[in-house]
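# Remarks on the overall topology
Spelled out from the first residue to the last, the chains are:
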Amino acid sequence: MPTPSLSLNASLMLEQLRVLGTLGADDAGGGRTRIALTDADKAGRDQVVQWMRDLQLDVRVDRIGNIFGILPAATEAGDRRPLMIGSHIDSVRNAGALDGCYGVLAGLAIVRAYRDADVRPARAIVVGAFTNEEGVRYQPDMMGSLVYAGGLAVDEALDTIGIDGTRLGDELARIGYAGDLEPGALVPHEYLELHIEQGPILEAENLCIGVVENLQGISWQRITVHGVANHAGTTPTRLRHDAGYAASAIVAFLRERVVGAAPETTLATTGSLRLEPDVVNVIPRKATLTVDLRDPDEERLRTAEKRLADFLVEIARREGVRIDAERLARFEPVVFDAGLVEAIEASARRLGLSCRRMTSGAGHDAQMISRIAPSAMIFVPSREGISHNPREHTDDEQLVQGAQVLLDVVRRRLLAG
Ligand code: HGY
Ligand code: MN
Ligand code: MN
């Protein structure tokens, strides 16, 4: 059967990326904030649903708010599992415009290529926008795809309490995305995710495409240090139980002794650190900090967690404070489907695009969907490796190249049957 001639409407994809990037725009310094289940996230959701409807897709929303746009197959006969293309449209605070959104809108561009050519695919194509990939407000991250893949019960996810004290299920209902589809009801035959690299490698090596063969492990904790508030001027150091000092010692330990033990692979980040009562002349009675540990190797990640746990005991004893650690997320490293990885590499080469195999440093929905279907990812370069920052940027030409690779892979996978 001849392969259908399909072509991307690249300018429309780029224009939709620009429009979506205006929703939830931050006041100063560019950027946008569309944290999961906020009004800004709703605005982004409504816009993507509208674009799905413009493509006459069957739009379904599941009970955790994952959104699916479905292009039906040419026939309903045979294996009806769809090919799924997905990512997310929620963002971190003061984010770039591409993280996640690129993969969803490129998915719509693929469907549009079929619509424009009036070609019905051998399998249904489903474009998914998963709920709460970033995990900023409600942990863990990649929550919508985790529920979808059966890794978290939907009712448990709906009862999650956010860092702002809201209940996830209440917010989902408030924004009108508490769907009725059972999560996981649409089991994909294969899953592809196109995403910006969010790191420096492709740009540094002057490459067009990242062929993502694996994704590193992730460990998130919230650590609470309980000390004793006291006067900054009258309390001798030896009598202090300084939650702020203990928290700072933890952050320093992570860089020097945890990352220091495996500096080429282990990463440690304290993205949030709050002190109470948070005034200049009071020794903090409480410190709340997050710890994000990552490593491509499960054993090294466990070792990092153990080093931290041992240090928490030591610093609690030394400073006379009480320390509680709460696990927020824990995902082992993931290896993507070798066949899909090879297909992506072959498409990049066929299109004359330089490429390399690589590991994903960031978490992605693909790591969750890989639990229920063969999955793989395609990366395009990030300028200066910057992401989770309004300066996040990928050239239009590079964005289009990534979408071309995605289209070529999809076209051939659907011909493969
Ligand atoms: O944390 C991550 O890697 C992803 O952006 N949620
Ligand atoms: Mn992302
Ligand atoms: Mn992200």
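Above this text is the structure in question.
Since the structure is predicted, the reported quantities are computational estimates derived from the model, not experimental observations.

With that settled, consider the site of ligand 1. Contacts to ligand 1 come from E133, E134, D141, M142, W220, R294, A362, G363 and H388. Take D141: an N or O atom from its side chain is 3.3 Å from an oxygen atom of ligand 1. In isolation ligand 1 has 220 Å² of accessible area, and contact with the protein removes 94% of it. Spatially, ligand 1 is embedded in the largest pocket.

With that settled, consider the coordination of the manganese ion (ligand 3). At this site the manganese ion (ligand 3) is bound by D99 (OD), E134 (OE), E134 (OE) and H388 (NE2), with donor distances of 2.1 to 2.8 Å. Within one chain, the residues serving as donors to the manganese ion (ligand 3) are arranged as D-x34-E-x253-H. The metal-metal distance between the manganese ion (ligand 3) and the manganese ion (ligand 2) comes to 3.6 Å, with D99 coordinating both. A residue pair is termed long-range when its members are at least 10 positions apart, and E134 in the loop between strand 4 (125-130) and helix 4 (143-148) and H388 in the loop between strand 16 (375-380) and helix 12 (396-416) qualify at 254 residues.

Let's shift gears to the coordination of the manganese ion (ligand 2). Surrounding the manganese ion (ligand 2) are the protein donor atoms H88 (NE2), D99 (OD) and H195 (NE2), at 2.1 to 2.3 Å. Motif for the manganese ion (ligand 2), donor spacing along one chain: H-x10-D-x95-H. With relative accessibility at 0%, the residue H88 sits in the buried group. Exposure remark for H195: the relative accessible area of 1% places this residue in the buried category.

Taken together, the side chains of E203, D395, D396 and E397 present a region of like negative charge at the surface. With respect to the secondary-structure elements, D396 resides in helix 12. Judged by relative accessible area, D396 falls into the partly exposed class, the value being 46%.

All right, on to the environment of S382 then. Among the secondary structure elements, S382 is positioned in the loop between strand 16 and helix 12. According to the relative accessible area criterion, S382 is buried, its value standing at 1%. Between the C-alpha atom of S382 and that of A204, which follows or precedes it by 178 residues, the distance is 9.9 Å. Contacts of S382, omitting those with residues within four sequence positions, involve I196, E197, Q198, G199, E203, H393 and T394. Here Q198 takes part through its backbone nitrogen, which lies 2.8 Å from a polar atom of the side chain of S382.

Another point: the side chain of E133. With respect to the helices and strands, E133 occurs in the loop between strand 4 and helix 4. Of the side chains bearing the opposite charge, R294 lies closest to the buried E133, which forms no salt bridge; the N-O distance is 7.8 Å. A polar atom in the side chain of E133 sits 3.3 Å from the side chain of H88. If sequence neighbours within four positions are ignored, E133 has contacts with H88, D90, D141, M142, G363, H364 and D365.

This model, assessed by the stated rule, comprises five aromatic pairs. Arranged with centres 5.3 Å apart and planes meeting at 40°, the rings of F68 and Y148 form a pair that is tilted. With F68 in strand 2 (residues 67-71) and Y148 in helix 4, this residue pair connects regions lying 80 residues apart in the sequence. Each member of the pair, F68 together with Y148, is buried. When the ring of F253 is compared with that of F311, the centres are 4.1 Å apart and the planes differ by 5°; the resulting orientation is stacked.

What counts, and where the lines are drawn
Residues numbered from 1 in each chain as written. Chains lettered and ligands numbered in written order. Predicted model: local features only at pLDDT ≥ 70, side-chain atom pairs only at ≥ 80, totals over all residues. Heavy atoms only, no water. Near = heavy atom within 4 Å. Polar contact = N/O pair within 3.5 Å; in protein donor to acceptor, adjacent residues only side chain to side chain. Areas by Shrake-Rupley, 256 points an atom, 1.4 Å probe, with all protein chains shown as cover. 1 Å grid on protein atoms, 1.4 Å probe; cavity = no way out; pocket = protein on both sides within 12 Å on 5 of 7 lines; lining within 4 Å. Sits in = over half its atoms within 2 Å of the grid points. Donors = N, O, S within 2.8 Å, 3.2 Å for Na, K, Ca; no water. Helix = DSSP H or I, 4+ residues; strand = E, 2+ residues; numbered from the N terminus. Buried < 20%, exposed > 50% of the residue type's maximum accessible area, 1.4 Å probe, protein only. Patch = residues over 30% accessible without salt bridge, like charges linked within 9 Å, V, L, I, M, F, W, Y side chains within 5 Å. Salt bridge = Lys/Arg side-chain N within 4 Å of Asp/Glu carboxyl O. Lys, Arg positive; Asp, Glu negative; His and termini not counted. Charge placed at Lys NZ, Arg CZ, Asp CG, Glu CD. Contact = heavy atoms within 4.5 Å. Phe/Tyr/Trp six-rings, centres within 6.5 Å; stacked < 30°, edge-to-face > 60°.

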